[in-house]
Amino acid sequence: MSFSLKNHIALITGASSGIGEQTAYRFAEAGARLILTGRNSDRLQAVARKSLEKGAPDVLPLILDVSDRKAVADRLGTLPDNWKAVDILVNNAGVALGKDPVYRYDADEIERMVDTNIKGLLYVTLAILPGMVERNRGHVVNMGSTAGHDVYPGGSIYNATKFAVNALNQGMKMDLTGTAIRVSSIDPGMVNTHFSTTRFRGDKKKADDVYADMTPLVAEDIADAILWVVTRPSHVNINQIIMMPTDQSSNSLVSRGGKRLFS
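Below is a short write-up of the structure. (Residues numbered from 1 in each chain as written. Predicted model: local features only at pLDDT ≥ 70, side-chain atom pairs only at ≥ 80, totals over all residues. Heavy atoms only, no water.)

Examining helix H1 (residues 18-29)
If you check H1, its first and last C-alpha atoms are 17 Å apart, about what 12 residues at 1.5 Å a residue would give, namely 16 Å. The element H1 is largely enclosed, with a buried count of 10 among its 12 residues. Of the surrounding elements, those touching the buried residues of H1 are strand E1 (9-12), strand E2 (33-38), helix H2 (41-53), strand E4 (88-91), strand E5 (139-143) and helix H8 (219-230). Just beyond H1, the residue with positive phi is Gly-31, at close to 90°. (Helix = DSSP H or I, 4+ residues; strand = E, 2+ residues; numbered from the N terminus. Expected span 1.5 Å × (residues − 1). Buried < 20%, exposed > 50% of the residue type's maximum accessible area, 1.4 Å probe, protein only. Contact = heavy atoms within 4.5 Å.)

Structure follows, in structure tokens:
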């Protein structure tokens, strides 16, 4: 029997857009109570309202930058009593900046990627996971990437952060051996979201060119995978899902316009 999300509390980081937003809607339709975090207040409030319309019993939106250790500890460490027992944590917040040789990267951009993708994931996990251990129930879903399996030119910093997420996901599962807590990683390839526009520092044309003449994944595809993972029977742990669009075979091999091209 599948695991029902009805009235279970799910915390989703980076929920104001893209994969996090669509995951919120999938969980809402399944009847979960939602804690949604993000940095954009207007967007987050809009997602919260739409989640209620889609069936979430209640929603707690929290403006939060996961890379701010004190803010994470303060906000997630002082949740109202009726929100403390988080059953599902989706560590979705992440960022990629630039696609440059490592020696040309701006140090501030390096820090932002490391602080968000690695430290932020850990800060949120450290705030939520002890409660799961105490209750001996829960599920942590970490947002990985094919970038955490296969290095590509210009991606070294982002690759490094996602290789770290891959290692953390595996280590977390090992550390929780003997508990009833599940740990999963969803590792997508090319997904067409605002993520790419951010990566190219707002250059929409460069972002669009990434997906030219091919059909990428969309945020809803990843949200469907997350929903499937968390609704497996409680004795089933999906350790990792690596998913790509049909037109993609690796981080450097993509079919564009029906042609096999390295990109």
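Remarks on the environment of Asp-100
Among the secondary structure elements, Asp-100 is positioned in the loop between E4 and helix H4 (107-135). Contacts of Asp-100, omitting those with residues within four sequence positions, involve Tyr-105, Gly-154 and Arg-201. One polar contact links Asp-100 to Arg-201, side chain to side chain, over a distance of 3.0 Å. (Polar contact = N/O pair within 3.5 Å; in protein donor to acceptor, adjacent residues only side chain to side chain.)

A few points about the packing of H1 against H8
The geometry of H1 relative to H8 is characterised by a closest axis approach of 8 Å and an angle of 50° between their N-to-C directions. In terms of axis orientation, H1 runs oblique to H8. Crossing handedness for the pair H1 and H8: right-handed. Of H8, the residues touching H1 (which contributes Gly-18, Ile-19, Gln-22, Thr-23, Arg-26 and Phe-27) are Ala-219, Glu-220, Ile-222, Ala-223, Asp-224, Ile-226, Leu-227 and Val-230. Its residues assigned to classes, the contact of H1 with H8 shows eight nonpolar, three polar and three charged. (Axes fitted to C-alpha atoms, helices over the stretch in contact; angles between N-to-C directions. Parallel < 35°, antiparallel > 145°, perpendicular 65-115°, else oblique. Left-handed = near helix turned anticlockwise from the far one by under 90°. Nonpolar A, V, L, I, M, F, W, Y, C, P; charged D, E, K, R; others polar.)

Remarks on the pairing of strand E3 (residues 59-63)
With five bridges joining them, E2 and E3 adopt parallel strand pairing. Within E3, the position partnered with Thr-37 by the bridge is Leu-62. Handedness of the crossover joining E2 and E3 through H2 is recorded here as right-handed. (Pairing = 2+ DSSP bridges. Right-handed = clockwise from strand over helix to strand, strands pointing away.)

Examining the side chain of Asn-117
Note that Asn-117 resides in helix H4. A relative accessible area of 2% places Asn-117 in the buried class. Of note is the side chain of Asn-117, whose polar atom sits 2.8 Å from the backbone nitrogen of Val-95. A polar contact is formed between the side chain of Asn-117 and the side chain of Thr-161, at a distance of 3.1 Å. Residues within four places of Asn-117 in sequence aside, it is in contact with Gly-94, Val-95, Tyr-158, Thr-161 and Val-165.

Examining the side chain of Asn-166
Turning to its location among the elements, Asn-166 is positioned in helix H5 (residues 156-175). In contact with Asn-166, other than residues within four places in its own chain, are Gly-148, His-149 and Gln-240.

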